[in-house]
Number of protein chains: 2
Amino acid sequence: MFDILLSTQSEQPMYIQLYRQMRDQIRNGGISPGTRLPSVRSVQLQMNISKTPIETAYQMLLAEGYVHSKPRSGLYVIDPHTDKPASPAHPDHVRAFSAMHPTRAEPVPQKVAVDFDPSAVDESLFPLRIWRKMLHEALDSHAGVCRYGDAQGEYSLRLVLAEYLKNSRGVNCSPEQIVVGSGISYSIDVLSKLLSGRQTIGFEEPGFAPVREQFKHNGFQVIPIPVTDKGLSLDELEKSDANAVYVTPSHQFPLGPVMPYAERERLLAWARARRAYVLEDDYDGEFRYFGKPISSLQGIDRDGRVIYIGTFSKAFTPALRLNYMVLPVELAEKMQRMPYLLNSPSRIDQWAMQAFFEQGHWYRHIRRMRNAYRKKHQRFVEQLQLHFGERIEITGHSAGLHLLVTIRTDRCSRTLLELASQQGVRVYDFSQMWMETPRTPRYPQLYLGFGGTSERDIELGVKLLQKAWHEILV
Amino acid sequence: MFDILLSTQSEQPMYIQLYRQMRDQIRNGGISPGTRLPSVRSVQLQMNISKTPIETAYQMLLAEGYVHSKPRSGLYVIDPHTDKPASPAHPDHVRAFSAMHPTRAEPVPQKVAVDFDPSAVDESLFPLRIWRKMLHEALDSHAGVCRYGDAQGEYSLRLVLAEYLKNSRGVNCSPEQIVVGSGISYSIDVLSKLLSGRQTIGFEEPGFAPVREQFKHNGFQVIPIPVTDKGLSLDELEKSDANAVYVTPSHQFPLGPVMPYAERERLLAWARARRAYVLEDDYDGEFRYFGKPISSLQGIDRDGRVIYIGTFSKAFTPALRLNYMVLPVELAEKMQRMPYLLNSPSRIDQWAMQAFFEQGHWYRHIRRMRNAYRKKHQRFVEQLQLHFGERIEITGHSAGLHLLVTIRTDRCSRTLLELASQQGVRVYDFSQMWMETPRTPRYPQLYLGFGGTSERDIELGVKLLQKAWHEILV
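Residues numbered from 1 in each chain as written. Chains lettered and ligands numbered in written order. Predicted model: local features only at pLDDT ≥ 70, side-chain atom pairs only at ≥ 80, totals over all residues. Heavy atoms only, no water.

Peer 1: Outline the overall build of chain A, listing residues and values.
Peer 2: The secondary structure content of chain A amounts to 15 helices and 15 strands. Out of the 474 residues in chain A, the part that is buried amounts to 59%. Taking the contacts inside chain A whose residues are at least 6 apart along the sequence as the reference set, 73% of them involve residues at least 24 apart. Summed over all atoms, the accessible surface of chain A reaches about 19,000 Å², with 49% contributed by carbon and sulfur. (Helix = DSSP H or I, 4+ residues; strand = E, 2+ residues; numbered from the N terminus. Buried < 20%, exposed > 50% of the residue type's maximum accessible area, 1.4 Å probe, protein only. Contact = heavy atoms within 4.5 Å. Areas by Shrake-Rupley, 256 points an atom, 1.4 Å probe, with all protein chains shown as cover.)

Listed below in structure tokens is the structure:
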């Protein structure tokens, strides 16, 4: 057993003390590589504390790659020289959510067999070989590998992006309007500065919490605007004092509706009348399974009121940290006078992405991903219907990488999460997506991602969910 | 029936042509609200095309809300209750804007034969082959190429950085205090938010203008503090109202002095007494040609008042957009509660950099660069002395990638720049580095970078400068 001293006097919670001491001992060699960690039970007996902090500390060590797990054996201290470092398990926004809601201690699931993580994408189809080639070519064929690039993004990449966005999303723009960035939080920061001065922004309720929190932090007043089955409620928006609005019209996050044409025209008319900006987040516009992709709002805007944001995180990989924003001409001109706002990502990555487009790989990749996701999506819906029939309702499921599921039960979503977790399945509710007290629908709603889950795991996961929930369904 | 022209010559697929033409006619009123669309069958007969493109186009119109479906009746054009729409999009604006920015190239003087750009680094020594290998290994050996990384930076990279900073710069920190970012402007933004609330920051005068502008834009009050031959003037700082300060103590930018030990202690005492933060920008700490590298201010701070910022831009390449910041524990803990502030760069690049360190390449690279820069530096000083003798004075030249040169002439620095440019040499003054009216030294000062200039070009450049200026020297 290890030398662990826990203090009940400490301000640090038990699990943090445990985690830090074990981590430090692993790092300084006090616990040697290859050592099997004592079981939770034995630590519990020795220390006379409850199981939860021990399990949590172990989970943290596992997530950070200090130990690895051998099935039916236990946790072993990693050998940094021979073992591959395990990668931390938490996507950053999931972490962001738990950190934003510290009181909602996340139940640490026993062992996650199936994770319906809505932010995951399919890793097995990542074009590793081709991307490696693109990086090669980028390094070999470009002068300037030691020079600063254009802070707005490489012009050559913006050129291919303008073309792509026109063809695939109906976006009308010149490369001068495009700002290449390292993720939506970068885009929101640039935008917050461009729109400086007190702004009041209407925000979908429920909506994408990280962006909402960022706007608040940047000094915006955020007004929650309810989402109906036609997307953001125009009635409510018109009644509000908002002079800007954030929307996900192609596939509302998290509820899923598509904003119909009439609403779009009405939204644009509102923006024109108020001289307001509409921030269109087209986070998963590439993936639509019924009908054809829906054109962007930006494409039908005639007054330069729409700011369009797209990303490579869903369609390619979030690990690359590459996205783009299309500014109306007026804002693009303002930005030219504030160059210190900008800070582009690696120009090597940008060159690689440019080549990926120019050589047609992007289109092939998207087609491949769309087919794969369509299949998973179909399988998921079919399995849910098979095992749950009328007792669940699936909505907002024509696009993207997650399903919204309403479950007919008297229990709350928290209970559903816990029951699922006991079966080794991780599902997600979206209570944190609400700014104000959630409107209580009759039945709890969960959102289930399938992007990073294999068809086999989808099948298994749904079966386990049926097992977890069958007794509480009505 | 409508006026639809389909072209088999067009690059656009049939369904796109159909969809676009119908959509535009709906939007411009060519097809009136309430009109029933002709059946698929009748369009098929009229146009003599297959059913699929027609069905697809109809589906798109339906999905986007241009038409609605009446059961057992057909599709009807919607009435959007808006002004009569004119022609789509804003191509005129786009054109006008592109015309304003016809090329990205900056107006370049005559022809630049030699550019003494102070921000350039040596491209010929970039370890292209090894970096390619590191990228390979990063892609091959890490799980999670499709997952979000840690928004604070990959833990494994922070681990090697903490070790490196300790050894090479005397920085004391744990990986938990390190924030990996995409450049100093990212670090300054994160910091501005962490130090939120009205802050008054002392700033070296002259100093690094981009950071100064960013602080101003982020709502800080900036107080210029004169630089003496001992760096930032402590006398002036102590008299000011500043509750934070930005310094480049290892090699003041742009004037070059090193802050001596006694001043450092005095600066830290000031910070302790005021509970002020000291922002230490160690932008080129790796390159020192005389004496030992000077250790960081952070390393002698015992009160957690120093924020340390370093970069890979000088020692490796600015194209990669990778830097790091070390926060005092107090600020690092505050940051944990505001995770939405953070947005790390590509995790693939981070893994590659980690491997670059772990395999010893970084140390070899730095040694190699230091030798190369030392040689160039020596050659530069020697050539300037050879051609200008007593008529110039070189200062601040014990470190970094540029020289500060005072030229004995009655003309202003602008004239010197113009004369140099006529000979095809680009040199830089630093008038923009002053916040207030520059203190007028007796003779104009220029700063000449040598990082990106070959020894041959240094020789040539100095000769050309001599030719350009010899008539106006006193």
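Peer 1: How would you sum up the pattern of salt bridges? Please name residues and give values.
Peer 2: Think of it this way: side chains of opposite charge can pair up when their charged atoms draw near. One pass over the structure, following the stated rule, counts 44 salt bridges over all chains. The partner of A:Arg272 in a salt bridge is A:Asp303, with the nearest N and O atoms 3.0 Å apart. Of the two residues, A:Arg272 sits in helix α10 (residues 261-274) while A:Asp303 sits in the loop between β9 (277-281) and β10 (306-311), which places them 31 residues apart along the sequence. The partner of B:Glu238 in a salt bridge is B:Arg266, with the nearest N and O atoms 2.9 Å apart. Of this pair, B:Glu238 sits in helix α9 (residues 234-239) while B:Arg266 sits in helix α10 (residues 261-274), placing them 28 residues apart in sequence. When its relative accessible area of 34% is taken as the criterion, B:Glu238 is described as partly exposed. Note on B:Arg266: relative accessible area 30%, which makes it partly exposed. Counted as one network, the salt bridges with shared partners bring together A:Glu205, A:Arg212, A:Glu213 and A:Lys216. (Salt bridge = Lys/Arg side-chain N within 4 Å of Asp/Glu carboxyl O.)

Peer 1: I'd like a rundown of the sheet that holds strand β4 (residues 178-181) of chain A, residues and numbers included.
Peer 2: Residues and elements named next belong to chain A. The mixed open sheet is built from 8 strands, whose spatial order is β4-β11-β10-β9-β8-β5-β6-β7. The outermost strands of the open sheet, each flanked by one partner alone, are β4 and β7 (231-232). As paired elements, β10 and strand β11 (residues 323-326) share 4 bridges and run antiparallel to each other. By the bridge assignment, Gly-310 is partnered in β11 with Tyr-324. Here helix α6 (residues 155-169) sits on the sheet and contacts β4, β10 and β11; the angle it forms with β4, its principal contact strand, is near 105 degrees. Its contacts with the sheet put helix α8 (residues 209-217) on β5 (200-205), β6 (221-228), β8 (244-247) and β9, and the angle it makes with β5 is roughly 160 degrees. (Pairing = 2+ DSSP bridges. Axes fitted to C-alpha atoms, helices over the stretch in contact; angles between N-to-C directions.)

Peer 1: Provide a residue-level description of the nonpolar core, including the pertinent values.
Peer 2: Grouped together as the largest cluster of nonpolar side chains are 139 residues, with contacts concentrated most on A:Trp131, A:Met353, A:Trp469, B:Trp131, B:Met353 and B:Trp469. A:Val245, A:Val247, B:Ile31 and B:Tyr58 belong to the second-largest nonpolar core, a separate cluster that totals 41 residues. (Core = buried A, V, L, I, M, F, W, Y, C linked by side-chain atoms within 4.5 Å.)

Peer 1: Could you give an account of the interface of chain A and chain B, with specific residues and numbers?
Peer 2: A common way to express how large an interface is: the accessible area buried when the components associate. The interface is formed by 95 residues belonging to chain A together with 87 residues belonging to chain B. Interface of chain A and chain B: buried area, both sides summed, is about 7,800 Å²; carbon and sulfur atoms make up 57% of it. Note that A:Lys193 is salt-bridged to B:Asp189, the shortest N-O span being 2.6 Å. Here chain A is connected to chain B by 17 residue pairs in polar contact (both at pLDDT 80 or more). Per element, the largest residue contribution to the side of chain A that touches chain B is 7 residues, and it comes from helix α5 (residues 128-141) of chain A. Taken together, the residues of the side of chain A that touches chain B break down into 39 nonpolar, 28 polar and 28 charged. (Buried area = accessible area lost by both parts, 1.4 Å probe. Polar contact = N/O pair within 3.5 Å; in protein donor to acceptor, adjacent residues only side chain to side chain. Nonpolar A, V, L, I, M, F, W, Y, C, P; charged D, E, K, R; others polar.)

Peer 1: Outline empty space enclosed by the protein, supporting the account with residue identities and numerical values.
Peer 2: Across all of its chains, the model carries 13 cavities of 30 Å³ or more by this definition. There is about 200 Å³ of room inside the second largest cavity. Elements that contribute at least two residues to the lining of the second largest cavity include exactly α7 (184-194) of chain A together with α7 (184-194) of chain B. Classifying every residue of the lining of the second largest cavity gives 8 nonpolar, 8 polar and 4 charged. (1 Å grid on protein atoms, 1.4 Å probe; cavity = no way out; pocket = protein on both sides within 12 Å on 5 of 7 lines; lining within 4 Å. Points joined across faces, edges and corners; volume = space filled by probe spheres on them.)

Peer 1: Can you explain helix α5 (residues 128-141) of chain B? Please cite residues and give values.
Peer 2: With 14 residues, α5(B) should reach 20 Å at 1.5 Å per residue; the first-to-last C-alpha distance of 20 Å fits that figure. Looking at the buried side of α5(B), the elements it contacts are α5 of chain A together with α12 (347-358) and α13 (361-388) of chain B. (Expected span 1.5 Å × (residues − 1).)

Peer 1: Hey, could you go over the side chain of B:Lys314 for me, with residue numbers and the actual values?
Peer 2: Inspection of the secondary structure puts B:Lys314 in the loop between β10 (306-311) and β11 (323-326). Buried and unpaired, B:Lys314 has no salt bridge, with B:Asp284 as the nearest side chain of opposite charge at 6.3 Å. (Lys, Arg positive; Asp, Glu negative; His and termini not counted.)

Peer 1: So what's going on with unusual backbone geometry? Residues and values would help.
Peer 2: With the exception of glycine, the majority of residues adopt a negative phi angle, and the majority of peptide bonds are in the trans configuration. In this structure, the amide linkage connecting A:Glu205 to the following residue, A:Pro206, adopts the cis form with an omega of 0 degrees. Here A:Phe253 and A:Pro254 are connected by a cis peptide whose omega angle stands at 5 degrees. Take A:Pro254: it is sitting in the loop between β8 and α10. At B:Arg275, a residue that is not glycine, the phi angle is positive and equals roughly 50 degrees. Within the element layout of this structure, B:Arg275 appears in the loop between α10 and β9 (277-281). The exposed category is assigned to B:Arg275, whose relative accessible area is 55%. Even without glycine at this site, B:Arg321 takes up a positive phi of about 55 degrees. Note on placement: B:Arg321 falls in the loop between β10 and β11.

Peer 1: Tell me about the packing of aromatic side chains, and name the residues and values.
Peer 2: Residues and elements named next belong to chain A. Evaluation of the coordinates by the stated rule reveals 48 aromatic pairs over all chains. Each member of the aromatic cluster is reached from another via a ring pair, and the members are Phe-126, Trp-131, Tyr-164, Phe-312, Phe-316, Tyr-324, Phe-356, Phe-357, Trp-362 and Tyr-363. Positioned above the aromatic ring of Tyr-277 is the side chain of Arg-305, whose terminal nitrogen or guanidinium carbon lies 4.3 Å from the ring centre. (Phe/Tyr/Trp six-rings, centres within 6.5 Å; stacked < 30°, edge-to-face > 60°. Lys NZ or Arg CZ within 6 Å of the ring centre and 35° of its normal.)

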